[in-house]
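As a plain string of letters, each chain reads:
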Amino acid sequence: MLLKLDLQFFAGEKTEKATPKKRQDARKKGQVLKSQDVTSAFVLLAIFMYLLIMGSYLRENLLTFFRETFTHTVLIESISVESVMEMFKDILVEMAIILLPIMAIAMIAAVAANFFQFGLLFTTETLKFDLKKIDPIKGFKRIFSMRAIIELLKSILKISFIGTVTTVIIILNLSDVLSLSFKTPGDSLTTIAKLTVLMGLTASVVLAFIAVLDYFYQKFDYEKNLRMSKQDIKDEYKNTEGDPLIKSKIKQRQREMAMRRMMQEIPNADVVITNPTHYAIALKYDDATMEAPKVVAKGTDYVAQKIKLIAKEHDIVMVENRPLARAMYDQVQIDQRIPDEFFKAVAEVLAYVYRIKQKI
């Protein structure tokens, strides 16, 4: 009894890798290998690379925006609903020209990061209402689970690393920071912009390093959650391929039906070529309807004896030819015409059969 319980325990333990079907089903449900840190690092790096390359262009656009905005506002002769709406429209257009490229780059980077991780996927499964998601007990378990602890440690790690590298950058450029009060507003903004982009790029690289580690952890956790027990694999096989016991019975029934059909064709054969004990091949030839003789039945051992017994009952000539019987058994299927290489040998056998029948 104890051994049986132990076997049941191991049968239910999820130690097997997920099958392709299990992976496909999980993907349909939106369960894919994904690291949010990879996406964040990709987006952050793309944005700050854009700011680094297009910094001067953005600076000129911003200066032009403020200059035209203040000039236009000061020159307004009369304030009215129409003039205010026109001013707001111009402001929105100018801000859109400046901000839309940044938003577009962020969106493209996010889509690209997700595509590189799990490819194209569209599913509505994650949007469906599920009462399990608001179960307080399961929610409590998630809060104090090992995964939550790892996420907390990962967040602390990100804050520590990013905070450290940004602090180092400020310390290395401390003289520029301290001299901001002595610079003109334009120079101060330029210095702040340079430091911001430098800290952003450095933080992106650090976050990318953490994202690589997180990706491997997510992969380990993903594979762990998809693991299956031996019983799960058996159940999946039954659901997809059918019960092996039922399939074996179906195949057995099909073999029996094929055997019956084959035995029913033996009385129509012209000759049975034998080994003489281990092989039996029944041939039929009708020069009016057939281009060449065909095999109507074949078998070995017990089946061969059965073929010969039926042939004897119906007075079908049996010819012993060991090499021909063996070669045709291996190369010719039932209801298939004989290959050209056997024409001469079979023709000699049939000629012998026809001579015997004429004598009879």
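Residues numbered from 1 in each chain as written. Predicted model: local features only at pLDDT ≥ 70, side-chain atom pairs only at ≥ 80, totals over all residues. Heavy atoms only, no water.

Draft legend 1. How the structure looks around the UniProt feature "transmembrane region" (unreviewed entry) in the chain. The feature "transmembrane region" (unreviewed entry), as annotated in UniProt, sits at residues 38–58, 95–123, 156–175 and 195–217 in this numbering. As annotated, residues 156–175 comprises 95% helix and 0% strand, and the C-alpha atoms at either end are separated by 30 Å. (UniProt positions renumbered as here; feature names shortened; annotations may be inferred. Helix = DSSP H or I, 4+ residues; strand = E, 2+ residues; numbered from the N terminus.)

Draft legend 2. Region of the structure containing the side chain of T191. Looking at the secondary structure, you find T191 in helix α9 (residues 185–226). Since its relative accessible area comes to 12%, T191 is described here as buried. Side-chain polar atoms of T191 contact the side chain of K183, separated by 3.1 Å. (Buried < 20%, exposed > 50% of the residue type's maximum accessible area, 1.4 Å probe, protein only. Polar contact = N/O pair within 3.5 Å; in protein donor to acceptor, adjacent residues only side chain to side chain.)

Draft legend 3. Broad picture of the nonpolar core. Of all hydrophobic cores here, the largest spans 18 residues; its most connected members are L283, M328 and V346. The element contributing the most residues to this core is helix α14 (residues 343–359), with 4 residues. Not counting residues within four places of it along the chain, the set of residues in contact with V346 comprises L283, P293, L324, M328 and I338. (Core = buried A, V, L, I, M, F, W, Y, C linked by side-chain atoms within 4.5 Å. Contact = heavy atoms within 4.5 Å.)

Draft legend 4. The arrangement of the confidence of the model for the chain in detail. For the chain, the average pLDDT comes to 79, and 85% of its residues sit at 70 or higher. Per-element confidence in the chain ranges from a low mean pLDDT of 46 for helix α1 (residues 2–12) to a high of 90 for helix α3 (residues 36–53). Confidence over residues 1–10 falls short of pLDDT 50; this stretch has 0 contacts with residues more than four positions distant or in other chains. (pLDDT = per-residue confidence, 0-100.)

Draft legend 5. Representation of the pattern of salt bridges. Across all of its chains, the model carries 10 salt bridges by this definition. Residue E223 pairs with R23 through a salt bridge whose shortest N-O separation is 2.9 Å. Here E223 is found in helix α9, whereas its partner R23 is found in helix α2 (residues 20–28), with 200 residues between them in sequence. Looking at E223, the relative accessible area reads 27%, which means it is partly exposed. Residue class for R23 comes out partly exposed when judged on its relative accessible area of 28%. Within this structure, D37, E151, K154, K158 and D214 form a network of salt bridges that share partners. (Salt bridge = Lys/Arg side-chain N within 4 Å of Asp/Glu carboxyl O.)

Draft legend 6. Region of the structure containing the side chain of S35. With respect to the helices and strands, the residue S35 is situated in the loop between α2 and α3. A relative accessible area of 0% places S35 in the buried class. For S35, the side chain forms a polar contact with the side chain of D214, separated by 2.3 Å. Excluding anything up to four places from it in sequence, S35 contacts Q117, A211, D214, Y215 and Q218.

Draft legend 7. Structural view of the sheet that holds strand β1 (residues 271–274). Pairing is mixed across the open sheet formed by 4 strands, whose spatial order is β3-β2-β1-β4. Looking at the sheet topology across the chains shown, the edges are occupied by β3 (294–300) and β4 (317–320). Averaged over all pairs of adjacent strands, the angle between strand axes in this sheet comes to 20°, irrespective of strand direction. In this sheet, β3 lies alongside strand β2 (residues 279–284) in antiparallel orientation, the contact comprising 6 bridges. (Pairing = 2+ DSSP bridges. Axes fitted to C-alpha atoms, helices over the stretch in contact; angles between N-to-C directions.)

Draft legend 8. Local environment of the packing of aromatic side chains. Under the definition given, this model contains 4 aromatic pairs. When the centroid spacing of 6.2 Å and the interplanar angle of 80° are considered together, the rings of Y215 and F216 count as edge-to-face. Following the ring pairs from residue to residue traces out a cluster consisting of F42, F115 and F116. Here K298 stacks its cationic end above the ring of Y329, 4.8 Å away from the centre of that ring. (Phe/Tyr/Trp six-rings, centres within 6.5 Å; stacked < 30°, edge-to-face > 60°. Lys NZ or Arg CZ within 6 Å of the ring centre and 35° of its normal.)

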